[in-house]
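# Analysis of the macromolecular model
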Amino acid sequence: MLKAVILIGGPQKGTRFRPLSFEVPKPLFPVAGVPMIQHHIEACAQVPGMQEILLIGFYQPDEPLTRFLEAAQQEFNLPIRYLQEFAPLGTGGGLYHFRDQILAGSPEAFFVLNADVCSDFPLSAMLDVHRHQPHPFLLLGTTANRTQSLNYGCIVENPQTHEVLHYVEKPSTFVSDIINCGIYLFSPEALKPLRDVFQRNQQDRQLEDSSGLWPGAGTIRLEQDVFSALAGQGQIYVHLTDGIWSQIKSAGSALYASRLYLSQYQLTHPERLAKHTPGGPRIRGNVYIHPTAKVAPSAVLGPNVSIGEGVTIGEGVRLRESIVLHGATLQEHTCVLHSIVGWGSTVGRWARVEGTPNDPNPNDPRAHMDSESLFKDGKLLPAITILGCRVRIPAEVLILNSIVLPHKELSRSFTNQIIL
Ligand SMILES: Nc1nc2c(ncn2[C@@H]2O[C@H](COP(=O)(O)OP(=O)(O)O[C@H]3O[C@H](CO)[C@@H](O)[C@H](O)[C@@H]3O)[C@@H](O)[C@H]2O)c(=O)[nH]1
């Protein structure tokens, strides 16, 4: 039997995702109509022999998380539990701390997935590799261009055996164009090196405690403490994929991930894609519309649009490359492009809300989304427009390349601004 662990982090994480992470924990932010980690859960639930999915993080178990877990357990008919770390334990500390829960029932192996990645999750292929030649650690890798590889864990492999010979987390100079996707398959033996790191850290902590620099008892960084340390010792292997993969760090990357998942729905969930129906709105390309949303027939939607629960879209609205969240209203003839409209926000008639996409270079097959800082040389970089929750945009204004914080009532047009 198999298990899966999803590392969901906690409230101090996901800062580049503000103001959207003020309302729901980032792992529950809807991407292509469903919470970000539901894509992970769906992929895990499809692997034959999957017995349990554990979410490990340091969020307080609040109502949205509890409700999500209950709904997911019912939908996938699997135990899905949340295990809360007493403090941020890093990417490996939680795995070690909850080792008894992970190993309960003696799984042959367990998947470990970063919550903030979008992927087609080739889990069955990874399992085949593992069963063919079991090793403690199997990492999913993909390629990146030289510049962008520096933002990820970089892997040097033996091209014949796919053994990881060298691993450097976010190097400062080029190491390899193979990057770590944050998707792993571990055998139960993988917990032994984690124990060694834990014990070594405890000893070092006793020696160095007086410095006050110690990051915290139980913290283990999977990447530096384990992968870098064990590379070249026949324990870590990489499985390369050329399927879809992207990180979800910023709001802009959530929009990009939404596009990737919507295109994947053609194969995996065609029922989630809106179809043109007589008397219904005009649909262009891939569009998700929650069944409770009210969309006027003269609206034109798509491509790459996702419309949440209880949203109202008025007559003549044009909506493209955008996410409209739960309970928002787009009044008649609004135009919303490359934007995220927050929960319960209202965009007045004939207003235009527009952002600038920052998509990967389409001419470079190894390019990924850049999720860098919002600013360069003290200036706000053009990016998608984000309206926080319950924002009110008046009629006939333009909001361009701006971030509007929650509960703001605007009275005029804004361009290239963060509106606090
Ligand atoms: N439970 C728990 N989860 C955590 C913690 N810290 C981070 N996480 C979770 O672990 C994942 C990785 O988070 P980061 O520490 O922010 O790392 P990163 O910059 O995303 O880089 C990692 O992912 C890249 C792929 O997306 C990799 O390329 C890179 O090597 C590394 O593994 C995220 O899903 C995050 O929520 C923690 O203390 N506890």
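Bear in mind the structure is a predicted one, so any value in this text is a computation, not a measurement.

Criteria and thresholds
- Residues numbered from 1 in each chain as written.
- Predicted model: local features only at pLDDT ≥ 70, side-chain atom pairs only at ≥ 80, totals over all residues.
- Heavy atoms only, no water.
- Helix = DSSP H or I, 4+ residues; strand = E, 2+ residues; numbered from the N terminus.
- Rg over C-alpha atoms; globule rule 2.2 N^0.38 Å.
- Buried < 20%, exposed > 50% of the residue type's maximum accessible area, 1.4 Å probe, protein only.
- Lys, Arg positive; Asp, Glu negative; His and termini not counted.
- Charge placed at Lys NZ, Arg CZ, Asp CG, Glu CD.
- Pairing = 2+ DSSP bridges.
- Contact = heavy atoms within 4.5 Å.
- Near = heavy atom within 4 Å.
- Polar contact = N/O pair within 3.5 Å; in protein donor to acceptor, adjacent residues only side chain to side chain.
- Areas by Shrake-Rupley, 256 points an atom, 1.4 Å probe, with all protein chains shown as cover.
- Core = buried A, V, L, I, M, F, W, Y, C linked by side-chain atoms within 4.5 Å.
- pLDDT = per-residue confidence, 0-100.
- Salt bridge = Lys/Arg side-chain N within 4 Å of Asp/Glu carboxyl O.

## Notes on the overall build of the chain
- Looking only at helices and strands, the chain features nine helices and 34 strands.
- Taking 420 residues into account, the globule formula puts the C-alpha radius of gyration at 22 Å, and the chain, at 22 Å, falls close to it.
- In terms of overall dimensions, the chain has C-alpha extents of about 65 × 45 × 45 Å along its principal axes.
- Buried positions account for 54% of the 420 residues belonging to the chain.
- Charged side chains in the chain number 34 positive and 38 negative. The centres of these two groups are separated by 6 Å.

## Details of the sheet that holds strand 22 (residues 329-330)
- Pairing is parallel in the open sheet, where five strands are placed in the order 16-19-22-25-30. Lying at the two open borders of the sheet, with one neighbouring strand each, are strand 16 (294-295) and strand 30 (392-393).
- Note that strand 16 and strand 19 (residues 312-313) share two bridges and pair parallel. When the bridges of strand 19 are listed, Val 295 appears paired with Ile 313.

## Section: the environment of Gln 235
- You can see Gln 235 is positioned in the loop between helix 8 (222-230) and strand 12 (236-240).
- Expressed as a C-alpha distance, the spacing of Gln 235 and Leu 260, which sit 25 residues apart in the sequence, is 33 Å.
- Each residue touching Gln 235, except ones within four places of it in the same chain, is listed here: His 135, Pro 136, Phe 137, Pro 193 and Leu 230.

## As for the site of the ligand
- Around the ligand, the structure places 28 residues, and the nearest of them are Glu 85, Gly 90, Asn 180, Glu 223 and Lys 249.
- A distance of 2.7 Å is found between an oxygen atom of the ligand and a side-chain nitrogen or oxygen belonging to Lys 170.
- Within the side chain of Tyr 184, an N or O atom sits 3.4 Å from an oxygen atom of the ligand.
- Relative to its free-state accessible area of 730 Å², the ligand is covered by the protein chains to the extent of 91%.
- Contributing elements (two or more residues each) for the shell around the ligand: strand 1 (2-9), strand 4 (50-57), helix 3 (90-97), strand 10 (164-169), strand 11 (178-186) and strand 13 (245-247).

## Overview of the nonpolar core
- Counting residues in hydrophobic clusters, the biggest one holds 72 residues, and the most contacted among them are Phe 29, Ile 53, Phe 111, Leu 123 and Ile 183.
- Of the residues forming this core, the biggest block, nine residues, is contributed by helix 9 (residues 251-268).
- If we skip the residues at most four places from it in the chain, Leu 123 touches Ala 43, Cys 44, Val 47, Phe 111, Leu 113 and Ile 183.
- Grouped together as the second largest cluster of nonpolar side chains are 31 residues, Val 5, Leu 54, Leu 194 and Ala 231 included.

## Observations concerning the confidence of the model for the chain
- Of all residues in the chain, 96% have pLDDT values of 70 or greater, and the mean over the chain is 93.
- Interface confidence for the predicted complex, expressed as ipTM, amounts to 0.99; the pTM equals 0.95.

## Re the environment of Phe 17
- Relative to the helices and strands, Phe 17 resides in the loop between strand 1 and strand 2 (30-31).
- Dropping the residues within four chain positions of it, Phe 17 is found in contact with Lys 26, Phe 29, Met 36, Ile 248, Lys 249, Ser 250, Ala 251 and Ala 254.

## Quick look at unusual backbone geometry
- A cis amide bond, omega 5 degrees, links Gly 302 with the succeeding residue Pro 303.
- In this fold, Pro 303 is placed in the loop between strand 17 (300-301) and strand 18 (305-307).
- Residues other than glycine seldom take positive phi values, yet Arg 390 does so here, at roughly 50 degrees.
- Within the fold, Arg 390 resides in the loop between strand 29 (385-387) and strand 30.

## Things to note about the side chain of Glu 163
- Considering the arrangement of structural elements, one finds Glu 163 in the loop between strand 9 (153-157) and strand 10.
- One buried charged side chain, Glu 163, makes no salt bridge at all; its nearest oppositely charged neighbour is Arg 200, positioned 17 Å away.
- Of the polar contacts made by the side chain of Glu 163, one reaches the backbone nitrogen of Gly 234; its length is 2.8 Å.
- Those residues in contact with Glu 163 that sit more than four places away from it in its chain are Val 156, Glu 157, Asn 158, Gly 232, Gln 233, Gly 234, Ile 236 and Tyr 237.

## Focus on the pairing of strand 11
- Along strand 11, nine of the nine residues are buried, which leaves the element largely enclosed by surrounding structure.
- Of the pairings in the sheet, the one linking strand 6 (residues 109-114) to strand 11 comprises four bridges and is antiparallel in character. Residue pairing across strands places Val 112 opposite Tyr 184, the latter belonging to strand 11.
- One ladder, built from six bridges, connects strand 8 (residues 137-143) with strand 11; its direction is antiparallel. The residue bridging Gly 141 from the neighbouring strand is Asn 180, located in strand 11.
- As defined by bridge partners, strand 9 adjoins strand 11 across two bridges and the pair is classed as antiparallel. Residue pairing across strands places Ile 155 opposite Ile 178, the latter belonging to strand 11.

## Here's the deal with the pattern of salt bridges
- Using the criterion set out here, one finds 14 salt bridges in the structure.
- The partner of Glu 108 in a salt bridge is Arg 131, with the nearest N and O atoms 2.6 Å apart. In this pair, Glu 108 is assigned in the loop between helix 4 (99-103) and strand 6 and Arg 131 in helix 5 (residues 123-132), connecting sequence segments 23 residues apart.
- When its relative accessible area of 33% is taken as the criterion, Glu 108 is described as partly exposed.
- Relative accessible area serves as the criterion here: at 46%, Arg 131 is assigned to the partly exposed category.
- One salt bridge connects Glu 169 with Lys 170, and the closest N-O pair in it is separated by 3.2 Å.
- Using a relative accessible area of 17% as the deciding quantity, one classes Glu 169 as buried.
- Each of Lys 3, Glu 52 and Arg 81 takes part in one network of salt bridges that share partners.

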